[in-house]
Amino acid sequence: MKNVVAGSARRLTTAAGSFVVLLVIWGAGCQKEQPMPEPNKPATEKAPQAAAPVAAPVEAAKPATDKVLAIVDGFEIKESQVKQAIQQEYGVQLRRMAAESPEAMAQGEKNLLPSMTNRMVIEYLLDREVKKAGIEVTPEQVTAEMAKKLAEFKPPQTIESYKQAYEAQGGNFETFTAGFGKQMKYLKLLERNDPNSLVVTEAGARKYYDENPNQFQVPEMVRASHILISTELTDPNVDPNQFKAKAKEKAEGLLKQVRDGGDFAALAKENSACPSAAQGGQLPEFGRGQMVKPFEDAAFGLKVGEISDLVETQFGYHIIKVTEHRDPSTITFDQAKDQIVANLKSSQTRQAFQKYIGALQDKAKIVYPADETAAVSVPAEAPRK
């Protein structure tokens, strides 16, 4: 059934929780970065469909005539190589499309050819510069940096726990780790080429804080649990009035049990029609405007620990228990400083990479023998630290 929380699928974002790795996703027609999945999300949240993991490498069929899609200073990038890269990254999505329509999968792969070709052009240019600079990262350094990032998750993750969750979604962790290591090399390359691009001062962070006060306001928030007795009629042969009356009678009985000292979580698990029943009725923290109005009014009107009367909404009858209530507040500069610095540094890094990649492209001789591979042109994106 529909969740009573309006926008219940919203993601709780933090710097650590939104950590992403760009698997060399730059260049004309680049695709959006692939977020790391976040295991341990509340069961009431839904992972965005766009965040499908990288698929295990699948051997792409070599075309009868292996066309050259791009030539970079004499180095040829062939169609079979590009298709192999597409399968490595988008194999899961393409196989889902194939299950619905082989034609859709073929078209999907065709649509990805231009962006992947241009990505591989930029990867070649960057790899060449990395080699010239003698930049290396050891497996130990990759492991340490990955562990550091995962430890910033809320709740913290280990490499092993993340690997299990990643592979459970169809991802190839070795491919992911290789991309992570390559990103580290590119960031080292940028630091050597333009070290000032990564410098963010406290004064700069303070300026941002002072100029964007609305970003640091925390609204009034409530955390609550509830028991929902649904009035959603699924059998057309049942009298709706009788069905609703029985639902109300059941809800009144449960309310009496709760007020007589019954275990709220246990009763929610046994009786609630909301998906939150699995968590004993517990809902994610919410602010005003995220719940249907009658539910919101009741929840924000209760003190912590109080139990509501029956609350009727279009979903049925609710029994609400408020477990936490936070008044509106302002995040102080000291509380926000680290996050501001991280965001500014990420923004500056992207801009510096766009400039650097553009300079590499200008100096190189790049030819696209197949016209379709040059059809898309989008500014390059940079890896985020």
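Attention in this report is confined to the structure presented alongside it.

**With respect to the sheet that holds strand S6 (residues 221–230)**
Then step 1. Strand order in the open sheet formed by four strands is S7-S6-S9-S8, and the pairing between neighbours is antiparallel. Among the strands making up the open sheet, the edge pair consists of strand S7 (286–287) and strand S8 (311–313).
Then step 2. As paired strands, S6 and S7 are joined by two bridges and run antiparallel to one another. Within the sheet, the bridge partner assigned to Val222 lies in S7 and is Phe286.
Then step 3. Here helix H7 (residues 240–259) sits on the sheet in contact with S6, S8 and strand S9 (316–326), set at roughly 130 degrees to S6.

**A look at the pattern of salt bridges**
Pairs can form between side chains of opposite charge whenever their charged atoms are close.
Then step 1. Summed over the entire model, instances satisfying the criterion amount to 18 salt bridges.
Then step 2. Here Glu312 and Lys244 are joined by a salt bridge, their closest N and O atoms 2.7 Å apart. In this pair, Glu312 sits in strand S8 while Lys244 sits in helix H7, placing the two residues 68 residues apart along the sequence.
Then step 3. Classification of Lys244 by relative accessible area gives partly exposed; the value is 35%.
Then step 4. Here Glu324 and Arg326 are joined by a salt bridge, their closest N and O atoms 4.0 Å apart.
Then step 5. On the basis of relative accessibility, which here comes to 31%, the residue Arg326 falls in the partly exposed class.
Then step 6. Bridged by salt links that share partners, the residues Arg223, Glu285, Glu324 and Arg326 form one connected network.

**Here we look at the sheet that holds strand S3 (residues 68–72)**
Then step 1. Strands sit in the order S4-S3-S11 across an open sheet of three strands; the sheet is antiparallel. Each edge of the open sheet is held by one strand with a lone partner, namely strand S4 (75–78) and strand S11 (366–367).
Then step 2. The pairing of S3 with S11 spans two bridges and is antiparallel. Bridging across to S11, Val72 finds its partner in Ile366.

**Describing helix H4 (residues 159–168)**
Then step 1. Of the residues making up H4, those classed as buried are Tyr162, Ala165 and Tyr166. Buried residues in H4, looked at end-on, bunch into an arc of 100 degrees, giving them a common side. In H4, the exposed residues that point more than 90 degrees away from the buried face are Gln164 and Ala168.
Then step 2. Directly beyond the C-terminal end of H4, a positive phi value near 100 degrees is found at Gly170.

**Digging into the pairing of S3**
Then step 1. In terms of burial, S3 is largely enclosed, as four of its five residues are buried.
Then step 2. Summarising the sheet, S3 and S4 pair through four bridges and their orientation is antiparallel. Each bridged residue has a counterpart across the sheet, and for Val68 the counterpart in S4 is Lys78.
Then step 3. What sits between the antiparallel neighbours S3 and S4 is a turn of two residues, in which Asp73 has the positive phi angle 50 degrees.

Calculation notes
Within every chain, residues take consecutive numbers counted from 1 along the sequence as written. Only residues with pLDDT of at least 70 are given local features in this predicted model, and only at 80 or more are side-chain atom pairs given and counted; all residues enter the totals for whole chains, interfaces and linings. No hydrogens and no water enter the side-chain calculation; it runs on all heavy atoms of the structure. Strands pair, by our definition, only if DSSP identifies at least two bridges between them. Helix and strand labels come from DSSP, where a helix needs a run of H or I of at least four residues and a strand needs a run of E of at least two; each type is numbered from the N terminus. By definition, residues are in contact when any of their heavy atoms lie within 4.5 Å. Fitting a line to C-alpha atoms yields each axis, with helices limited to the stretch in contact; the angle taken between N-to-C directions then spans 0 to 180 degrees. Here a salt bridge means any side-chain nitrogen of Lys or Arg lying within 4 Å of a carboxyl oxygen belonging to Asp or Glu. Think of it in three bands: residues with accessible area under 20% of the maximum for their type are buried, residues over 50% are exposed, and the middle band is partly exposed, with areas taken using a 1.4 Å probe on protein chains only. Relevant arc is that of directions from the helix axis to the C-beta atoms, nothing else.

Keep in mind these numbers describe shape, not what the thing actually does.
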